Amino acid sequence: MKRTFVVTALLAATLAACQENPVSGRTQLVLVSEEQAQVSSAQAYTQTLSEAQKKGRLSTDAALNARVERITNRLIVQAGSMYPPSRDWKWSVAVIDEPTLNAWCMPGGKMAIYTGIVRKLNLSDDEIGQIMGHEMAHALLGHGRERMSRAMATQGGIALGSIVAGRDLSILAPVADIALTLPNSRDNESEADRYGIELAARAGYDPRAAIRLWGKMGAASGNGPPVFLSTHPSPANRIQALNALVPQMTPLYEKARR
Ligand SMILES: [Zn+2]
């Protein structure tokens, strides 16, 4: 009797936490609502930027800031078509002046790219378009929420009930931080590659640049793996899968260029 109750309660909780993602159609186990993920991400973002500011690490390179802004603005327009609720997101992008090879986009569209990846890999606009398209795809596909759910499970002691009920949002800020450092799953990476290259193509960025970008990343990992690869496991077949997508993405890219 008691066991039946526990099993039923667990099943009910799991079902309540399973949702079909509107972009990918994949069923995701999410313990955090989109709104909760966005609120906690915004907090983590503000904190990250204020720490960077204190250390004098927000890039003052006006040309680079304008370039990143121009590229992400084109991607944001396409994100609105891929996932209409993102039209209401308060998108923001920061250029952080650190040698790290990294870039990210939190739930709700809070983004950053590091000067290290742009300069060391000598990224073209097309390649920046690909990397930010990939990162934005993670956000549009709800991967941040999945990672936060995993971070919550990792933390163990957190009272899931109060979070699911939405009573305590502050507790999620450290979770959002932890989620940023967790690797994405291989499935999430493939999804972000697939939707990211499309986002970039529709914004007018060359799909072949995705192949060049990951090639450069692979070459750079010779001197110890870059931070980006610790949160983005890079299976050997990634470039092959992207190559297979190029023919269907090229017409979208050419249309956007006209
Ligand atoms: Zn990724």
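Everything quoted here is computed from the prediction, not taken from an experiment. (Residues numbered from 1 in each chain as written. Predicted model: local features only at pLDDT ≥ 70, side-chain atom pairs only at ≥ 80, totals over all residues. Heavy atoms only, no water.)

(A) Fine view of the overall build of the protein chain. Helix and strand counts for the protein chain stand at 12 helices and five strands. Burial statistics for the protein chain: of 258 residues in total, 49% are counted as buried. Within the protein chain, residue pairs in contact and separated by at least 24 positions form 74% of the contacts whose partners lie at least 6 positions apart. With an accessible surface of roughly 12500 Å², the protein chain has 55% of that area assigned to carbon and sulfur atoms. (Helix = DSSP H or I, 4+ residues; strand = E, 2+ residues; numbered from the N terminus. Buried < 20%, exposed > 50% of the residue type's maximum accessible area, 1.4 Å probe, protein only. Contact = heavy atoms within 4.5 Å. Areas by Shrake-Rupley, 256 points an atom, 1.4 Å probe, with all protein chains shown as cover.)

(B) A look at the confidence of the model for the protein chain. When pLDDT is averaged along the protein chain, the result is 84; 76% of the residues meet or exceed 70. Confidence drops under a pLDDT of 50 for residues 157–165, and excluding neighbours within four residues, the segment shows 16 contacts in the predicted structure. (pLDDT = per-residue confidence, 0-100.)

(C) Region of interest: the packing of helix α5 (residues 125–140) against helix α9 (residues 186–202). The interhelical angle for the contact between α5 and α9, taken along N-to-C directions, is 120°, at an axis separation of 7 Å. On the basis of the axis angle, α5 is oblique to α9. As for how α5 packs across α9, the hand of that crossing is right-handed. Facing Gly129, Gln130, Gly133, His134, Met136, Ala137, His138 and Leu140 of α5, the residues of α9 in contact are Asn188, Glu189, Ala192, Asp193, Tyr195, Gly196, Ile197, Leu199 and Ala200. Tallied by class, residues from the contact of α5 with α9 come to eight nonpolar, seven polar and two charged. (Axes fitted to C-alpha atoms, helices over the stretch in contact; angles between N-to-C directions. Parallel < 35°, antiparallel > 145°, perpendicular 65-115°, else oblique. Left-handed = near helix turned anticlockwise from the far one by under 90°. Nonpolar A, V, L, I, M, F, W, Y, C, P; charged D, E, K, R; others polar.)

(D) Main features of the side chain of Lys110. Within the element layout of this structure, Lys110 appears in strand β5 (residues 110–114). Here Lys90 takes part through its backbone oxygen, which lies 2.7 Å from a polar atom of the side chain of Lys110. (Polar contact = N/O pair within 3.5 Å; in protein donor to acceptor, adjacent residues only side chain to side chain.)

(E) Spatial organisation of the sheet that holds β5. Spatial strand order, β3-β5-β4: three strands in an open sheet with mixed pairing. Only two strands of the sheet have a single partner each, and these edge strands are β3 (92–96) and β4 (103–105). Sheet twist, expressed as the mean angle between neighbouring strand axes with direction ignored, is 10°. Both β4 and β5 contribute to a ladder of three bridges, which runs antiparallel. Considered in β5, the bridge of Ala103 is made with Ile113. Strands in contact with helix α2 (residues 34–54) are β3, β4 and β5; relative to β3, the strand with the most contacts, it is inclined by about 30°. Together, β4 and β5 form the strand contacts of α5, whose direction differs from that of β4 by roughly 35°. (Pairing = 2+ DSSP bridges.)

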